[in-house]
Amino acid sequence: MADFERKYKENKPVVAICYDFDKTLSPDDMQAQGFIQSVGCDVDSFWKESNGRATDNDMDQNLAYMYTMLDKSYGNFVFNKQKLREYGAQVGLFPGVDSWFERIRNYGKEKSVIVEHYIISSGLKEMIEGTCVANSFEKIYASSFYYDDKGVAKWPAQVVNYTNKTQFLFRIEKGVLDINDQGVNDYFAPEDIRVPFRNMIYIGDSDTDIPCMKLVNSYGGHSVGVYNPHTNKKEKVYKMMHDNRIKYFAAADYSEGSDLDVLVKAIIDRTYSNEILENIHYENKKEYEKNDENITKEQKERRSLILDLENSGTFKTTHMVVEKMRKITEWSDSEKNWLLDIANTNSQVWGILEDNDVKSFFNYILKDMKNLSENGQEVKSKIEKEIL
């Protein structure tokens, strides 16, 4: 089995920002920004042919556009990785994208948060790799080709559509990033998860992003719908908000001080504070589990009854718990002191100390006890007063 490189839980919280590409980071489909024109097609006719091929052949639309690109390039140029990267270099980006990734990463450092950027796109990986921001990402998950030994594209190697996009979120969550690493199916304890969904931000623009947005939302993460700041058309984000697909929306303006910039920084701020609480919870859990391993079944039973008594809110419940306790003959000194504290502080117990069953039980607890606490003294005094 191949050895896959994995990422593991850090000593700081990790925020993973996951992006669609077309119309999220770039104003248009990447194929429409040079490639389609170079093969002698207009944009509308290219997509009409591609989508028609998918419909006529029960074909995945992404596989259809990949085939159409390969077919249209024949006789025009060698369809290889280098050529696709050249077309990727022509792809335009929304305002601020070129400086966004490093700027947000640095903001995270200031807040003791590790920020990582990921692409999850139905576009072409090779074209994204040709953009000026390609090195900004931890991983680019996108459709791609298989190339022969001459470097010529021959077959789809990976196809990413709107339904299988979600698998990559699980890979990011667990740090199992390689697409062939079956470790993504392994169980991870919550405290060992590298990037909990609550620390994920998914940024997208359309219906193809909905499965990812829904998944991130359902686990407490942050989904953001973006719209083109040049056209200011918000119909799509309004619909996604109406359908509870997104928590937030903003113009796809990645400049410093923009609404999107302020939003993402606020999420990073919140993550830092929230993860402090989560870490306290996990430390408390570990301490409890360690303690639980070192006590006997009988001790656990007594502890459970004591907690039931402490939480008792009615006289009836108090009598029921005391009845169970009276069947136990061995109590440690710490357990006795705990019980006396409860008798003094829980009004339901204190109010019926004179009842025969409760009085009898606490008399048994007080028997042979020395150096009573203040609470113990008060319980003893009340019981003795009732006896007199």
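Here, every reference points to the structure presented above.
Residues numbered from 1 in each chain as written. Predicted model: local features only at pLDDT ≥ 70, side-chain atom pairs only at ≥ 80, totals over all residues. Heavy atoms only, no water.

Trainee: How should the overall build of the protein chain be read in this particular structure?
Mentor: Assigned secondary structure in the protein chain consists of 16 helices and seven strands. Taken over C-alpha atoms, the radius of gyration comes to 32 Å for the protein chain, far larger than the 21 Å a tight globule of 388 residues would show. In terms of its C-alpha atoms, the protein chain occupies a principal-axis envelope of roughly 110 × 50 × 40 Å. Counting the 388 residues in the protein chain, one finds 47% classified as buried. A fraction of 63% describes how many contacts in the protein chain between residues 6 or more apart in sequence connect residues 24 or more apart. Put simply, the protein chain shows about 20,400 Å² of open surface, and 47% of that area lies on carbon and sulfur atoms. (Helix = DSSP H or I, 4+ residues; strand = E, 2+ residues; numbered from the N terminus. Rg over C-alpha atoms; globule rule 2.2 N^0.38 Å. Buried < 20%, exposed > 50% of the residue type's maximum accessible area, 1.4 Å probe, protein only. Contact = heavy atoms within 4.5 Å. Areas by Shrake-Rupley, 256 points an atom, 1.4 Å probe, with all protein chains shown as cover.)

Trainee: Teacher, can you tell me more about the environment of Phe-315 here?
Mentor: Within the fold, Phe-315 resides in helix H12 (residues 315-325). The exposure class assigned to Phe-315 is partly exposed, which follows from its relative accessible area of 42%. Between the alpha carbons of Phe-315 and Gln-33 there is a distance of 76 Å; along the sequence they are 282 residues apart. Beyond its immediate chain neighbours, meaning those up to four positions away, Phe-315 contacts Ser-347, Gln-348 and Ile-352.

Trainee: When you look at the sheet that holds strand S2 (residues 114-124) in this model, what are you seeing that I'm missing?
Mentor: Picture the strands of a sheet paired through backbone hydrogen bonds; they go either parallel or antiparallel. An order of S4-S3-S2-S1-S5-S6-S7 is seen for the seven strands of this open sheet, with the pairing classed as mixed. Edge positions in the sheet fall to strand S4 (153-158) and strand S7 (248-251), since each has one partner strand and no second. The mean angle between the axes of side-by-side strands here comes to 25 degrees, regardless of whether they run parallel or antiparallel. In this structure, strand S3 (residues 139-147) lies alongside S4, joined through four bridges in antiparallel fashion. (Pairing = 2+ DSSP bridges. Axes fitted to C-alpha atoms, helices over the stretch in contact; angles between N-to-C directions.)

Trainee: Looking at this structure, how should I read the environment of Glu-275?
Mentor: Position of Glu-275 relative to the elements: it lies in helix H10 (residues 259-293). For the pair Glu-275 and Pro-13, spaced 262 residues apart in the sequence, the C-alpha separation amounts to 6.6 Å. Contacts of Glu-275, omitting those with residues within four sequence positions, involve Pro-13, Arg-198 and Asn-199.

Trainee: Quick question: what am I supposed to make of the packing of helix H13 (residues 333-345) against helix H15 (residues 356-366) here?
Mentor: Describing two packed helices takes the angle between their axes plus the distance from one axis to the other. The contact between H13 and H15 brings their axes to 10 Å, and the two run at 140 degrees. Taken together, H13 and H15 sit at an angle that is classed as oblique. The element H13 and its partner H15 pack so that their crossing is left-handed. Residues Lys-336, Leu-339, Leu-340 and Ala-343 of H13 lie in contact with H15, whose contacting residues are Phe-361, Phe-362, Ile-365 and Leu-366. In the contact of H13 with H15, the residues fall into seven nonpolar, no polar and one charged. (Parallel < 35°, antiparallel > 145°, perpendicular 65-115°, else oblique. Left-handed = near helix turned anticlockwise from the far one by under 90°. Nonpolar A, V, L, I, M, F, W, Y, C, P; charged D, E, K, R; others polar.)

Trainee: What exactly am I supposed to notice about the nonpolar core here?
Mentor: Most often, soluble globular proteins have nonpolar side chains that are buried together. Counting residues in hydrophobic clusters, the biggest one holds 52 residues, and the most contacted among them are Ile-17, Tyr-19, Leu-25, Phe-35, Met-69, Leu-124 and Tyr-254. In this structure Leu-124 touches Met-30, Tyr-65, Met-66, Met-69, Leu-84, Ala-142, Ser-143, Ser-144 and Phe-145, once residues within four positions along its chain are discounted. (Core = buried A, V, L, I, M, F, W, Y, C linked by side-chain atoms within 4.5 Å.)

Trainee: Sorry, what's going on with unusual backbone geometry here?
Mentor: For Lys-23, which is not glycine, the phi dihedral falls at a positive 70 degrees. Tracing the chain through its elements places Lys-23 in the loop between strand S1 (14-19) and helix H1 (35-38). Overall, Lys-23 belongs to the partly exposed group, its relative accessible area being 33%.

Trainee: So what exactly am I meant to see when it comes to the packing of helix H11 (residues 297-310) against H13 here?
Mentor: Two elements in contact, H11 and H13, have axes separated by 10 Å at closest approach and are oriented at 10 degrees. The angle between H11 and H13 falls in the class roughly parallel. Two secondary-structure elements touch here, H11 through Gln-299, Arg-302, Arg-303, Ile-306, Leu-307, Leu-309 and Glu-310 and H13 through Glu-335, Trp-338, Leu-339 and Ile-342. Class assignment for the residues of the contact of H11 with H13 results in six nonpolar, one polar and four charged.

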